[in-house]
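Residue-level structural notes
Listed here are the chains, written in short residue letters.
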Amino acid sequence: MATLAPIMNRALLTIITIFLATSTMAGSYTYDIQQAGYDFDQYDLKGEASYEIFIEEFRRFPWKEQVGKNTGGSEPTISVKNKESKIDYWVSVIGKPNEYAYLVGIVQPKMVKTMFGFGKEKEVRWLSIYIAEQQQTVEGTFQLYFAGKIEELHKELSGLPLFTEQEVR
């Protein structure tokens, strides 16, 4: 029995690791899609998401056909939400069909000071949008997002040009 203890401990550790990985991944992520020109509050709910599902949607999405055709509404966008971390991450495009770039946006809780920076801190939802010129950059950042490597994601995003940032209401 003593010789089985290390094997049982490893097996238990493996089961716990798998459970924790799947419980934080499975069911935590959902996604939706906005076609070009949708109202800003209009989107198609798609359901649960994983990195593999996202990549499939991202690669087959008609970015080139929809870029620049917002007709006063939203740009084409795929949004992913993590219910547990409350961090949303999305990709959109700007430009023209023959020359466009991706915008990647992250919405997350952030502590800010009120009263022009002199008041007490409060938590707000903060949006930061970056420009990504390459498809591989977008895919790599989403891989970090789905893996829960938010610090690494921030590091990667900090190397991209900042498009804008603001509080989300």
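Attention in this report is confined to the structure presented alongside it. (Residues numbered from 1 in each chain as written. Predicted model: local features only at pLDDT ≥ 70, side-chain atom pairs only at ≥ 80, totals over all residues. Heavy atoms only, no water.)

**Thoughts on the sheet that holds strand β1 (residues 29-34)**
Defined as follows: Here the rule is simple: two strands pair whenever DSSP picks up at least two bridges between them. In this text, helices come from DSSP runs of H or I with a minimum length of four residues, and strands from runs of E with a minimum of two, each type numbered from the N-terminal end. Here, axes are lines fitted to C-alpha atoms. For helices the fit covers the stretch in contact, and angles between N-to-C directions go from 0 to 180 degrees.
Reading across the sheet, the seven strands line up as β2-β1-β3-β4-β5-β6-β7 and stay open at both edges, with antiparallel pairing between neighbours. Two strands bound the open sheet, and with one partner strand each, they are β2 (44-48) and β7 (162-168). Pairs of neighbouring strands in the sheet enclose a mean axial angle of 20°, with direction left out of account. Bridging between strand β5 (residues 99-113) and strand β6 (residues 121-132) involves 12 bridges; their strand directions are antiparallel. Residue pairing in the sheet places K113 in a bridge with E121 of β6.

**Some thoughts on the packing of helix α4 (residues 135-146) against helix α5 (residues 150-158)**
Just so we agree on the cut-off: For this classification, under 35 degrees means roughly parallel, over 145 means roughly antiparallel, 65 to 115 means roughly perpendicular, and everything else is oblique. Should the near helix be turned counterclockwise from the far one by less than a right angle, the crossing is left-handed, whereas a clockwise turn marks it as right-handed. We call two residues in contact whenever any of their non-hydrogen atoms come within 4.5 Å of each other. Side-chain classes are defined by residue name, with Ala, Val, Leu, Ile, Met, Phe, Trp, Tyr, Cys and Pro counting as nonpolar, Asp, Glu, Lys and Arg as charged, and the others, Gly among them, as polar.
Running from N to C, α4 and α5 point in directions that differ by 155°, and their axes come no closer than 8 Å. Here α4 is positioned roughly antiparallel relative to α5, judged by the angle of their axes. The crossing of α4 and α5 is left-handed. Each of T141, L144 and Y145 in α4 lies in contact with α5, whose residues at this interface are I150, E152, L153, E156 and L157. Residue composition of the contact of α4 with α5, by class: five nonpolar, one polar and two charged.

**A look at the packing of aromatic side chains**
Operational definition: Stacked, edge-to-face and tilted labels apply to pairs of Phe, Tyr and Trp rings (six-membered ring for Trp) whose centres lie within 6.5 Å, assigned for plane angles under 30 degrees, over 60, and everything in between, in that order. The rule is simple: take the accessible area with a 1.4 Å probe, protein chains only, and divide by the maximum for that residue type; under 20% is buried, over 50% is exposed, in between is partly exposed. A ring has a charge above it when a Lys NZ or an Arg CZ is no more than 6 Å from the ring centre and no more than 35 degrees off the ring normal.
Counted under the stated rule, the structure contains 15 aromatic pairs. Taking the centre distance of 5.5 Å and the plane angle of 15° together, the rings of F54 and F58 count as stacked. Of this pair, F54 and F58 are both found in helix α2 (residues 51-60), four residues apart, which corresponds to roughly one turn of the helix. With a centroid separation of 5.4 Å and 40° between ring planes, the pair formed by Y89 and Y145 is classed as tilted. Highlighted residues: Y89 in strand β4 (residues 87-96) and Y145 in helix α4, separated in sequence by 56 residues. Y89 gets classed as buried once you look at its relative accessible area, which sits at 1%. For Y145, a relative accessible area of 1% gives the class buried. Counting every residue linked through ring pairs, the aromatic cluster contains Y29, Y51, F54, F58, F61, W63, Y89, Y100, Y102, F142, Y145 and F146. Just above the ring of W126 sits the side chain of K110; from NZ or CZ to the centre is 4.3 Å.

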